[in-house]
Amino acid sequence: MITARAAATFEPVGRSVATARSFVRDTLQGWGHADIIDDAVVLTSELVTNAVVHAGTSAEVLCLRGDDHVRIEVSDRYPEREIPIQSSAINMGSPDREGGRGLQLCAALAGRWGVDYSATHKLVWFQLDLPERSVGTRAAGPALPTDLLPLAEDHVRVAVVQIDKTGAITSWNEDAEHLFGYSAELVTGKPLTDFAAWPHTPGTSTGIVDALRLSRWEGSYGIRGANGRVSPVYASHLRVRDTDGEPSTVCLLVRDHERAVLQTPLRGPAPDSAGHSDSQGADPFEVFIGSPAPDDLDGLLQRTVERARDMLDGDSAFLLLATDDETELEVRASTGLPSARQRFARVPVEVGPGRYGSARMPAVHEDLTQVPGAVPLLNGTGMRSVVTVPLKVEGRLTGSLGVAAEAPDRYSNEEALRLQFAADRIALAVESARLGELEKLRRGSLSFLVEASDLLAGTLDRDQTLALMAQMTVPTLATWCAVYTIADQASEPYLSYVLHEDEERIDGLKALLSKIAPPDPVPTPGARVWPAPAEAAHQAALRTSMRSLGLGEPASVSSGIGTTLQTASAVGGETVVLPLVARNRVIGMLTLGKPTDEHFRQEILELAEDLSRRAALALDNARLYSERMAISQSLQRSLLPPELPDVPGVEVEVIYRAAGEGNEVGGDFYDLFPIRDGAYGFAIGDVCGTGPEAAAVTGLARHALRLLAREGFGGPAVLERLNAAILDEGARSRFLTLLYGELWPQEDGSAILKMVCAGHPLPLRLRQDGTVVPFAEPQPLLGVMDDLELYEQTMTLDPGDVLLCVTDGITERREGSRMLGDDGLAEVLSTCTGLTAGAVAARIMRAVERFAADAPSDDMAILTMRVPGLHHD
């Protein structure tokens, strides 16, 4: 026979193990079984660790007390692990290893233990026999100095009074006679209310009749003695039942100034109130919740449902908090229900017509099978009767408290009144704690959004933006996240990024989602539930379980996703989709998910919505930047020669560096192209400025040079016509320095050059003996004057000579007040004797880069030509 039960559910996080230990310890301590606590706590710790740490699922712990034993059940959502059978002689291995250690301990410490399976659960239970009560220490406190001990008379009197279910006195001991002056014969059969001076008015707090019906109660009141005076007492009430099931209440009473004798935990001595005719009663909140009260909202709510269940002797209890607009209730605490799958689930305040369909009024349902769906939270839980009452602060609905039982017709309006008294006691404390939690959450949300905005604003890379979006949501907002992107209105959503807090589950999650049709790109703001992942996970779990049982695969799920139960468990909770809307267009969806049986709280969804707006804009900015960069780079590449031709008998090398991030072409340019058989044109120039405006003139100059040269114009005519074309650009024109020449390789290994140097740095000639000399004369630059008179110079490069042509980004390289200059360039070139054209260009560029530590601020171009002669040296 089960005489008591307690249940709790723990989230799949490491701290839940310690919380589960405390839950079992407190439960057994409250039942008076301190002698088995250590074994029970050790076993529970191991089994909960297996569930929340190794299996990664929530753990449900149920404590059951029988006549001669305590049974504790721990269930999780990971049933595919192998469990050794008790009756077999399987060696479970070393107790030092992680796997199976909890089951070894069960075998070693428990009187009985076992494992039960279902398609989605695995339950491990163990039973500890209750030892016979023997003489010995049951509880102890520290040794205290004499002056710190509680003050009492020569003989501490503890009145023991027993009250039957009607409230009449059935037992009255000698200490009660001494304290209050009544003999047992005089008071037996009379109601305790005839003698109790209750300090509160019934209807505003817990009355004496209500206190006698609670499972436990501690507090202060008064007893009218035979002399007519009221003696303040401190009382501890315990509700019990005899073998026939008849309830009664045992009351232990001491003088109020001796309350430390009964009170736990120990408080400071109460002020002496012997001279008063009435005493100040105990805090009604502490009467219901107990002391010390939890200092966090979740702890307060959990204590509330546990006390409410005990007060009405129910099988389960639950507490829901109202949203700000009072249209929905969110489940925040429960006890005795099959699982915590309802946590943060939302139900409407008004679920039907009339007072019984509204959470704003107390309601009693004698049998839920007659009104299915009347209490949505209890659907499928096996609960038959329920009483619910509202939590109100200043007339505003703040929540709902309910107690349910598996048997019908358990509750009446009297229980509803008692529960409402309790709800009135705790409503203000709950609302205060909720507002405190909400304020902390909002402060954290602001900090989170500020940090998220900074991170998203710090990149214009699309892939990095997607990764940041996912990393900011997991695990802060959700257990897993998937980002779908939409290229354009005609494209289907594409699964672009998947992240899970457990990296080992990412691949399985991605495989699962890739087989599911993506969510519809609905632009409506806010989160909407997407059931497809949970349904697919359920089908995968069903198929895997049936295969493991040798039952094959049903047709309805044979085409499902081949994933493990571990992945299915990770995706089986609530999944929500938030649209990513930027510039009035849906560019994707942010999908957030929870593991099996978990829901999102409303505050988290609101925070996720704020994040999705920022992330959508950042993602769209990255897209626009990528598109424009692609266009810019394509246009810039069109301004460079596609490839350099092979010039017979001449080595040619070019190095080009454009200033500015993302630029491939700036104001400097080069070209080398065939004009006709045996003749090649080459050019190196510098347009005033950098960036797109200079690049536009670069394109004009390079294409004009090729066209005019191939039309048969000589060097001066080519540059004069180019000068006119630049001036025709008007305000968009830029002046241009240009070195243009024509190259004729000769049969004797030399090369003839005809050059025009229009305002450009003079080319340098490196002879084989290491001497460096300018190889042209300066002339006016282009784009300034209408009438230019340019002339052409003819030069010869002997075998082994090198011609170096550069732009001013090379010669004007600066380090503080120092500049490389023409002399510095000539000095570097003089060390290049015997090097190939490519080696010369590389040495020049290396010297320029080492000259200054800062990044170049101007475009740089190097064109080298070397005539190796008939016999390569």
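Within every chain, residues take consecutive numbers counted from 1 along the sequence as written. Note on the predicted model: pLDDT of at least 70 is required for a residue's local features to be given, and 80 or more for side-chain atom pairs to be given and counted; whole-chain, interface and lining totals, by contrast, use all residues. To obtain the side-chain values, all non-hydrogen atoms of the structure were included, while hydrogens and water were left out.

1. Quick word on the overall build of the protein
Along the backbone of the protein there are 19 helices and 35 strands. When checking whether two residues touch, look at their non-hydrogen atoms; a contact exists if any pair is within 4.5 Å. Of the contacts formed within the protein by residues at least 6 apart in sequence, a portion of 62% connects residues at least 24 apart. For the protein, the computed accessible surface area is about 41,300 Å², with 51% contributed by carbon and sulfur atoms. Strands here mean DSSP runs of E at least two residues long; helices mean DSSP runs of H or I at least four residues long; both are numbered from the N terminus. A 1.4 Å probe and the Shrake-Rupley method give the accessible areas. Residues count as covered only by the protein chains that appear here.

2. Some details on a nonpolar patch on the surface
Only residues whose relative accessible area exceeds 30% and that form no salt bridge enter a patch; like-charged residues are grouped when within 9 Å of one another, and nonpolar side chains (Val, Leu, Ile, Met, Phe, Trp, Tyr) when within 5 Å. By definition, a salt bridge exists where a carboxyl oxygen of Asp or Glu is found within 4 Å of a side-chain nitrogen of Lys or Arg. A grouping of Phe-735, Val-784 and Met-785 is seen on the molecular surface, where their side chains present a nonpolar patch of about 270 Å² in accessible area. Mapped onto the elements of the fold, Val-784 is located in the loop between β30 (778-779) and β31 (793-797).

3. Focus: the sheet that holds strand β20 (residues 528-529)
Whenever strands of a sheet pair, they do so through backbone hydrogen bonds, lying parallel or antiparallel. Strands are labelled as partners when DSSP assigns at least two bridges between them. Read across the open sheet, the five strands follow the order β19-β18-β22-β21-β20; overall the sheet is antiparallel. Lying at the two open borders of the sheet, with one neighbouring strand each, are β19 (494-500) and β20. Of the pairings in the sheet, the one linking strand β21 (residues 575-582) to strand β22 (residues 585-593) comprises eight bridges and is antiparallel in character. Its bridge partner being in β22, Ala-582 is matched across the sheet by Arg-585. Under this scheme, a helix contributes an axis fitted over its contacting stretch, all axes are lines through C-alpha atoms, and angles between N-to-C directions fall in the 0 to 180 degree range. The strands touched by helix α10 (residues 462-473) within the sheet are β18 (480-485), β19, β21 and β22, with β19 carrying the most contacts at an inclination of about 40°. Contacts from helix α11 (residues 506-514) reach β18 and β19 within the one sheet, and its direction differs from that of β19 by about 150°.

4. Observations concerning the packing of aromatic side chains
Two rings belonging to Phe, Tyr or Trp (six-membered ring only in the last case) form a pair when the distance between their centres is within 6.5 Å. Interplanar angles under 30 degrees mark stacking, angles over 60 mark edge-to-face geometry, and anything in between is tilted. One pass over the full model with this rule turns up six aromatic pairs. Summarising the aromatic geometry, the rings of Tyr-484 and Trp-530 are spaced 6.2 Å apart at their centres and angled 80° between planes, so their arrangement reads as edge-to-face. Residue Tyr-484 is found in strand β18, and its partner Trp-530 is found in the loop between β20 and α12 (532-548); the two are separated by 46 residues along the sequence. Here the two residues Tyr-484 and Trp-530 agree in accessibility, since each one is buried. Arranged with centres 6.0 Å apart and planes meeting at 50°, the rings of Tyr-656 and Tyr-670 form a pair that is tilted. Of the two residues, Tyr-656 is situated in strand β23 (residues 651-657) and Tyr-670 in strand β24 (residues 668-676); the sequence distance between them amounts to 14 residues. Of the two residues, Tyr-656 and Tyr-670, neither departs from the other in class, the shared state being buried. Every member of this aromatic cluster is reached through a ring pair, and the members are Trp-172, Phe-180, Tyr-182 and Phe-195. In this analysis the charged atom, NZ for Lys or CZ for Arg, is taken to sit over a ring once it is within 6 Å of the ring centre and within 35 degrees of the ring normal. The positively charged end of Arg-71 is found above the aromatic ring belonging to Trp-125, 4.0 Å away from the centroid. Exposure categories follow from relative accessible area, calculated using a 1.4 Å probe and restricted to protein chains: below 20% of the type maximum is buried, above 50% is exposed, and the middle band is partly exposed.

5. Re the pairing of strand β32 (residues 802-806)
Residues in a regular strand point their side chains to alternate faces of the sheet. Most of β32 is tucked away: five of the five residues are buried. Judged from the three bridges that link them, strand β28 (residues 764-766) and β32 form a sheet pairing that is antiparallel. Its bridge partner being in β32, Leu-766 is matched across the sheet by Val-802. Bridge count for β32 against strand β35 (residues 860-866) is five bridges, and the pairing is antiparallel. Following the sheet pairing, Leu-804 is matched in β35 by Thr-864.

6. Details of the nonpolar core
Counting 53 residues, the largest nonpolar core has Trp-172, Phe-180, Tyr-221, Leu-253, Leu-401 and Leu-419 as the members making the most contacts within it. Counting residues per element, this core draws most heavily on helix α9 (residues 413-457), at seven residues. Among residues more than four places away in sequence, those in contact with Trp-172 are Val-160, Val-161, Glu-177, Phe-180, Tyr-182, Ser-183, Ala-184 and Val-187. In this structure, Leu-477, Ala-582, Ala-608 and Leu-619 belong to the second largest nonpolar core, which totals 51 residues. Think of a nonpolar core as a cluster: buried Ala, Val, Leu, Ile, Met, Phe, Trp, Tyr and Cys residues, connected wherever their side-chain atoms sit within 4.5 Å.

7. Some points on the pattern of salt bridges
In the structure shown here, the tally under the stated rule is 22 salt bridges. Residue Glu-651 is joined to Arg-866 by a salt bridge in which the shortest nitrogen-to-oxygen separation is 3.5 Å. Pair noted here: Glu-651 is in strand β23 and Arg-866 is in strand β35, with a separation of 215 residues, a long-range link. Residue class for Glu-651 comes out partly exposed when judged on its relative accessible area of 23%. Among the ionic pairs, Arg-765 bridges to Asp-798, the shortest N-O distance being 3.1 Å. One end of the pair, Arg-765, is in strand β28; the other, Asp-798, is in the loop between β31 and β32, with 33 residues separating them in the sequence. Relative accessible area serves as the criterion here: at 6%, Arg-765 is assigned to the buried category. Asp-798 sits in the partly exposed class, given a relative accessible area of 34%. Via salt bridges that share partners, Arg-583, Asp-620, Arg-623 and Glu-627 belong to a single interconnected network.

8. With respect to the environment of Pro-716
Mapped onto the elements, Pro-716 comes out in helix α16 (residues 715-727). Discounting residues that sit within four places of it in the chain, Pro-716 has contacts with Val-756, Leu-790, Tyr-791 and Glu-792.

9. Overview of the packing of helix α1 (residues 15-31) against helix α2 (residues 37-55)
It is the contact of α1 with α2, at a shortest axis distance of 9 Å, that shows an interaxial angle of 150°. The angle between α1 and α2 places the two elements in the roughly antiparallel class. Judged by the twist between their axes, the crossing of α1 over α2 is right-handed. Residue-level contacts link Ser-16, Val-17, Ala-20, Arg-21, Val-24, Arg-25, Leu-28 and Gln-29 of α1 to Ile-37, Asp-38, Ala-40, Val-41, Thr-44, Ser-45, Val-48, Thr-49, Val-52 and Val-53 of α2. Under the grouping applied here, Gly and all other residues not named as nonpolar or charged are polar, the nonpolar ones being Ala, Val, Leu, Ile, Met, Phe, Trp, Tyr, Cys and Pro and the charged ones Asp, Glu, Lys and Arg. Considered class by class, the residues forming the contact of α1 with α2 number ten nonpolar, five polar and three charged. Geometric relationships in this document are graded by angle, where less than 35 degrees denotes roughly parallel, more than 145 denotes roughly antiparallel, 65 to 115 denotes roughly perpendicular, and other angles denote oblique. The sense of a crossing depends on the near helix, which, turned anticlockwise from the far helix by less than a right angle, makes the crossing left-handed and, turned clockwise, makes it right-handed.

10. Here's the deal with the sheet that holds strand β3 (residues 69-76)
On the basis of which strands lie adjacent, the open sheet formed by five strands has the order β1-β2-β3-β5-β4 and antiparallel pairing. The sheet terminates laterally at β1 (4-10) and β4 (112-117), the two strands that pair on one side only. Geometrically, the sheet is characterised by an average inter-axis angle of 15° between neighbouring strands, direction not taken into account. In this sheet, strand β5 (residues 122-129) lies alongside β3 in antiparallel orientation, the contact comprising eight bridges. By the bridge assignment, Ile-72 is partnered in β5 with Phe-126. Running over the sheet, α1 touches β1, β2 (59-65) and β3 and is turned about 170° from β1.

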